[in-house]
Protein chains: 4
Amino acid sequence: MEDVVIQWQEKVSLKEPILVEGLPGVGNVGKLAADYLKDAVKARPLATIYSKYFPPQVYVNEDGTIRLVSNDLYYARGSRGRERDLLILVGDYQGLSPEGQYELTDRVLKVAQELGVKEVYTLAGFAQGHMVDTPRVLGAASSLSRVEAMKPLGVVFSRTDPGGGLLGASGLFLGLGRLYGMESVCLMGETSGYFVDPRGAEAVLKVLSQVLQRDIDLSALEGKAREIDRIAAKFREMEGKSAPEIPQAREDLGYIG
Amino acid sequence: MEDVVIQWQEKVSLKEPILVEGLPGVGNVGKLAADYLKDAVKARPLATIYSKYFPPQVYVNEDGTIRLVSNDLYYARGSRGRERDLLILVGDYQGLSPEGQYELTDRVLKVAQELGVKEVYTLAGFAQGHMVDTPRVLGAASSLSRVEAMKPLGVVFSRTDPGGGLLGASGLFLGLGRLYGMESVCLMGETSGYFVDPRGAEAVLKVLSQVLQRDIDLSALEGKAREIDRIAAKFREMEGKSAPEIPQAREDLGYIG
Amino acid sequence: MEDVVIQWQEKVSLKEPILVEGLPGVGNVGKLAADYLKDAVKARPLATIYSKYFPPQVYVNEDGTIRLVSNDLYYARGSRGRERDLLILVGDYQGLSPEGQYELTDRVLKVAQELGVKEVYTLAGFAQGHMVDTPRVLGAASSLSRVEAMKPLGVVFSRTDPGGGLLGASGLFLGLGRLYGMESVCLMGETSGYFVDPRGAEAVLKVLSQVLQRDIDLSALEGKAREIDRIAAKFREMEGKSAPEIPQAREDLGYIG
Amino acid sequence: MEDVVIQWQEKVSLKEPILVEGLPGVGNVGKLAADYLKDAVKARPLATIYSKYFPPQVYVNEDGTIRLVSNDLYYARGSRGRERDLLILVGDYQGLSPEGQYELTDRVLKVAQELGVKEVYTLAGFAQGHMVDTPRVLGAASSLSRVEAMKPLGVVFSRTDPGGGLLGASGLFLGLGRLYGMESVCLMGETSGYFVDPRGAEAVLKVLSQVLQRDIDLSALEGKAREIDRIAAKFREMEGKSAPEIPQAREDLGYIG
């Protein structure tokens, strides 16, 4: 079996496409944001990626049919105006092992290059370990010119965060992307790290919509965010009492970035 | 060494064969059922599958001779009437690693395709975490038409179970089977998950005998089931007293599905 | 880098050679026995086997020079009489991973086949979990004829031991050896499993010397054994008092078989 | 993706180059020493080594740009006099798995051979488990002649240390280097093992400067060392009180050698 198997749903030719990646990770911020973007721009399925670097697992849909775990590429055409075409990577898992992470990212980059991608945006969460009222978007980029381009959009480049660097796909797409001559930016929405966080995803998408020069209607995300706000409020209460449940909750929801 | 080594005992040409898989897993339901089926239909050994994805282990037979751990393909001819030929996969282990799971399943599917298989049934257990008096058979399938075909046979397609999907060979044969254009169904016998469960295997085989349109004499399985019933009765007593031994027993007998 | 690198010290042509394997494992019985045999028959170095399946480790000799961990093949000519040539596999480690175990064993068997080997003896320990006064030699074999050939030499073939089969190289050489058409026997010296055990090695070598029809002077092993006897006596005292140190000691010395 | 990807910054032809390796490990002694040497001799970047055997991680620089984790080869020309050219291997990580260690070391040795390297020095720390006032430099070498050449420089070859051999890149370069016909020495600076230790690095560099016949200004390392001395003094106080924090600190800072 090939290490990575790609099943194409369509053959397309894209115009200066931008790759956006959002896979499960801290607070699922990146996954939430990329899934939302995919729906908001009415992206169409392009390719399904299966791999032995994912768990040997199928999901069961509500109607009883199954679906093998995968990553999935979608694309969306830009309008005739200034918008560029989009390629969006979403999925159930990141690669389970370091080798898997490298192999999968490299393979997607190869495909992206063939489709003409020269620019990558990865979406992720940044765990602060405490409740965050108004999440900032932290950034990291492949070059100084990208750093400068992001600052006017409100992206924060901190000397200290993230101190240990970025682990997982969001960082690897930047690092390996360079070997493909691609410019790239990682947008990290601040989050507590305690639960799935639509607030962080919202913050990231606000920046991304400016980058892509696309209007993205964020109202549906607002609903989810308010629900989480209620849970967060309860957590904050508990934090005041130094509740012992919090570390446990964190363990349940902490993924690779 | 090849990752997967197949030793053929015979060269056969099969007529529209159906592949049935049952390997060790939850309550060993799938393994019990497939092993029983193999004997009941007097299936003949077709091929032995060795692999570095299995443990480096040999079993010692009662006469002092050894046997390297393996998976094994058996086949059974259908009668001249309506029965179709059968290909049955049984074995000592599932692949130890995710990669191993994918490689082994993919290899068996390749072999199955060459033998003309277009339809796969995988047998498994579904752990309820509590004693089950009359086990139902839960299902998952490759397509809606298969789901519908199973419902009249009493197979339950639940919106919530199995919530986290299927892990291991029973699910993977469905997921990867699709890439080979195969239709497939996973039949999961409910079981406590606390011990090896012939009751779950019996439930699964009752459905399967209808699917295969073969009479399978289940009386020998009944004997084993009654023995376990006695053990189960003791467990139920203990459950009433919230006995601390149960989680431990569960750990001993819980395998991948 | 090749997965397994073999460095030849000599090119030889052997007459009906018998392969004897003894690597680290339970009570180090197999390793002790094979190392002793190698010296006793004045075997000469034939090939050194390096592999990425071993730890990334070098040993430092007393003179300050280093040696990369390895397995090593030695050979010894039979006398003009009835003795056959010997090929002896000794080494620092077994493969670290299941895959490594399979790859290494398969590679040595390939080499052995090219050298004309049709018969394999693997030496191992069998952990009883309690002190053993007069260790028996348990056996397992590739065929019934080998089982029968071993019984007159005092080898015990038990219906129950080893219940879970053999794990590691000693079993794998038998299991994979069959794919090379080789006959094989595993000789397991009983041992407590608490410490390195020359008594078990002695028992194994007594059987092996009959098999190989070679006189092996075991007096040097006797010295080591008596030393261990003294330690064993102390353990036995402690066992009477159900000493808590024993399980810990066992952990330190328990390897794969 | 290739297992190991090498990006060349320059094509050079070197004269009898000596390879010096220093990667993260015990007390980071080897890494500190090699990084310092690289700066002191004004070495120039030659090649960057990426690999799926490293973690899937990027570091974020202070200016917001990223850098994929790597190992890096630098070179420095010898002066017209007696100095020879240098090839220096530094980096963020050693290979994560045993296989990765072997593959990475082998690949660097291949490159080194093509560049004409016949001599290797690896720099490492040797954890004593207690505070060390004046660290000695322990040695291990590929041949007796190298052992003898090192003794007059104050390198200690102990019969007992390191008892268990050398684990990781520092040992592997010696062991695998032999397969490339390279002579090699490992220089191990004694260190407590409790924290990053410039004193151990200093000791190692003093020996190395004699070996390379290069003056290396160690004053900058002195500053760092004095800082650590102050921390060490506090530890020593605590050791007198058998402070419970020390083992924990050790865990945090103990890497493969």
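- For chain A, the name recorded in an unreviewed UniProt entry is Proteasome assembly chaperone family protein, with mine drainage metagenome as its organism.

### Considering the overall build of chain A
Item 1. From N to C terminus, chain A includes seven helices and eleven strands.
Item 2. The C-alpha atoms of chain A give a radius of gyration of 18 Å, which matches the 18 Å a tight globule of 257 residues would have.
Item 3. C-alpha extents for chain A along the principal axes are approximately 55 × 45 × 35 Å.
Item 4. Expressed as a percentage of the 257 residues in chain A, the buried residues total 60%.
Item 5. Counting contacts in chain A only where the partners sit at least 6 residues apart, residues at least 24 apart contribute 78% of the total.
Item 6. Working note: accessible area of chain A is about 10,800 Å², and carbon and sulfur atoms make up 48% of it.

### So, the interface of chain D and chain A
Item 1. Taken together, the contact pairs 24 residues of chain D with 28 residues of chain A.
Item 2. Three residues stand out in chain D for area buried against chain A, namely D:Met1, D:Pro56 and D:Ile66, and they jointly supply 32% of the buried area on that side.
Item 3. Summed over the shared surface of chain D and chain A, the result is one salt bridge.
Item 4. A salt bridge links A:Glu103 to D:Lys52, with the nearest nitrogen and oxygen atoms 2.9 Å apart.
Item 5. Elements with a contribution of two residues or more to the side of chain D that touches chain A: β1 (4-8), β3 (44-51), β4 (57-60) and β5 (66-68) of chain D.
Item 6. Looking at the side of chain D that touches chain A element by element, the count peaks at four residues for β4(D).
Item 7. Grouping the constituent residues of the side of chain D that touches chain A by class yields 14 nonpolar, six polar and four charged.
Item 8. Direction of pairing for strand β10 (residues 166-167) of chain A relative to β4(D): antiparallel, over a ladder of two bridges.

### Digging into the pattern of salt bridges
Item 1. Counted according to the given criterion, the structure contains 69 salt bridges over all chains.
Item 2. Among the charged side chains, a salt-bridge network with shared partners connects A:Arg199, A:Glu202, A:Glu222, A:Arg226 and A:Asp229.

### Structural notes on the sheet that holds strand β8 (residues 119-127) of chain C
Residues and elements named next belong to chain C.
Item 1. Spatial strand order, β1-β3-β6-β7-β2-β8-β11-β9: eight strands in an open sheet with mixed pairing. With partners counted over all chains shown, the strands left at the sheet margins are β1 (4-8) and β9 (137-141), one partner each. Strand-to-strand twist in this sheet, taken as the mean axis angle between neighbours without regard to direction, amounts to 20°.
Item 2. Contacting β2 (18-21), β7 (86-91), β8, β9 and β11 (183-191), helix α4 (residues 169-179) crosses the sheet at an angle of about 145° to β8.

### Here we look at the interface of chain A and chain B
Item 1. Residue-level contacts link 24 residues of chain A with 28 residues of chain B.
Item 2. Between chain A and chain B the total buried area reaches about 2,200 Å² when both faces are included, carbon and sulfur atoms providing 63% of it.
Item 3. Linking chain A with chain B are one salt bridge, by the criterion used here.
Item 4. At the boundary of chain A with chain B, the tally comes to nine residue pairs in polar contact (both at pLDDT 80 or more).
Item 5. Those elements that provide at least two residues to the side of chain A that touches chain B are β1 (4-8), β3 (44-51), β4 (57-60) and β5 (66-68) of chain A.
Item 6. By residue number, the principal contributor to the side of chain A that touches chain B is β4(A), which donates four residues.
Item 7. Tallied by class, residues from the side of chain A that touches chain B come to 14 nonpolar, six polar and four charged.

### A short note on the arrangement of the chains
Item 1. One finds no contact linking chain A with chain C; the least C-alpha distance across the pair is 16 Å.
Item 2. A gap remains between chain B and chain D, which never touch, and the nearest two C-alpha atoms on either side lie 16 Å apart.

### So, the pairing of strand β7 (residues 86-91) of chain D
Residue and element names in this part refer to chain D.
Item 1. The buried fraction of β7 amounts to six of the six residues, a majority that puts the element mostly inside the structure.
Item 2. Side chains Leu86, Ile88 and Val90 project from β7 onto one buried face, and the interleaved Leu87, Leu89 and Gly91 project onto a second face that is buried too.
Item 3. With four bridges connecting them, strand β2 (residues 18-21) and β7 associate as parallel partners. Across the sheet, residue Leu19 finds its bridge partner in β7, namely Leu87.

### Here's the deal with the side chain of C:Thr191
Residues and elements named next belong to chain C.
Item 1. Of note, Thr191 is situated in strand β11.
Item 2. Here Asp197 takes part through its side chain, which lies 2.7 Å from a polar atom of the side chain of Thr191.
Item 3. When near neighbours in sequence (up to four residues on either side) are disregarded, Thr191 contacts Val26, Val29, Gly125, Phe126, Ala127, Gln128, Gly129, Val132 and Asp197.

### Quick word on the relation of the copies chain D and chain A
Item 1. Rotating chain D by 90° about the axis while translating it 0.0 Å along that axis superimposes it on chain A, leaving an RMSD of 0.0 Å. Seen this way, the second copy is the image of the first under a four-fold rotation axis. By C-alpha distance to the rotation axis, the residue of chain D lying nearest is D:Ser97, at 7.8 Å.

### Some points on the confidence of the model for chain A
Item 1. Per-residue confidence for chain A gives a mean pLDDT of 90; residues scoring 70 or more make up 92%.
Item 2. Confidence metrics for the complex model read pTM 0.91 and ipTM 0.89.

### Describing unusual backbone geometry
Item 1. For A:Asn28, which is not a glycine, the phi torsion comes out positive at approximately 50°.
Item 2. Summarising the element assignment, A:Asn28 is placed in the loop between β2 (18-21) and α1 (29-40).
Item 3. Backbone geometry places B:Lys42, a non-glycine residue, at a positive phi of 50°.
Item 4. Looking at the element boundaries, B:Lys42 is found in the loop between α1 (29-40) and β3 (44-51).

### So, the packing of aromatic side chains
Item 1. Applying the stated criterion across every chain yields a total of zero aromatic pairs over all chains.
Item 2. One residue, B:Lys11, lies across the ring of B:Trp8, its end atom 4.6 Å from the ring centre.

### Quick word on the packing of helix α1 (residues 29-40) of chain D against helix α5 (residues 198-212) of chain D
Residue and element names in this part refer to chain D.
Item 1. Relative orientation of the contacting elements α1 and α5 amounts to 50°, with a least axis distance of 8 Å. If you check the angle between α1 and α5, you find them oblique. Regarding α1 and α5, the two cross each other, and that crossing is right-handed. On the side of α1, the interface is formed by Val29, Leu32, Ala33, Tyr36 and Leu37, while α5 contributes Pro198, Gly200, Ala201, Val204, Leu205, Leu208 and Leu212.
Item 2. Residue composition of the contact of α1 with α5, grouped by class: eleven nonpolar, one polar and no charged.

Parameters at a glance
Residues numbered from 1 in each chain as written. Chains lettered and ligands numbered in written order. Predicted model: local features only at pLDDT ≥ 70, side-chain atom pairs only at ≥ 80, totals over all residues. Heavy atoms only, no water. Helix = DSSP H or I, 4+ residues; strand = E, 2+ residues; numbered from the N terminus. Rg over C-alpha atoms; globule rule 2.2 N^0.38 Å. Buried < 20%, exposed > 50% of the residue type's maximum accessible area, 1.4 Å probe, protein only. Contact = heavy atoms within 4.5 Å. Areas by Shrake-Rupley, 256 points an atom, 1.4 Å probe, with all protein chains shown as cover. Buried area = accessible area lost by both parts, 1.4 Å probe. Salt bridge = Lys/Arg side-chain N within 4 Å of Asp/Glu carboxyl O. Nonpolar A, V, L, I, M, F, W, Y, C, P; charged D, E, K, R; others polar. Pairing = 2+ DSSP bridges. Axes fitted to C-alpha atoms, helices over the stretch in contact; angles between N-to-C directions. Polar contact = N/O pair within 3.5 Å; in protein donor to acceptor, adjacent residues only side chain to side chain. Least-squares fit on C-alpha atoms with pLDDT ≥ 70 in both. pLDDT = per-residue confidence, 0-100. Phe/Tyr/Trp six-rings, centres within 6.5 Å; stacked < 30°, edge-to-face > 60°. Lys NZ or Arg CZ within 6 Å of the ring centre and 35° of its normal. Parallel < 35°, antiparallel > 145°, perpendicular 65-115°, else oblique. Left-handed = near helix turned anticlockwise from the far one by under 90°.

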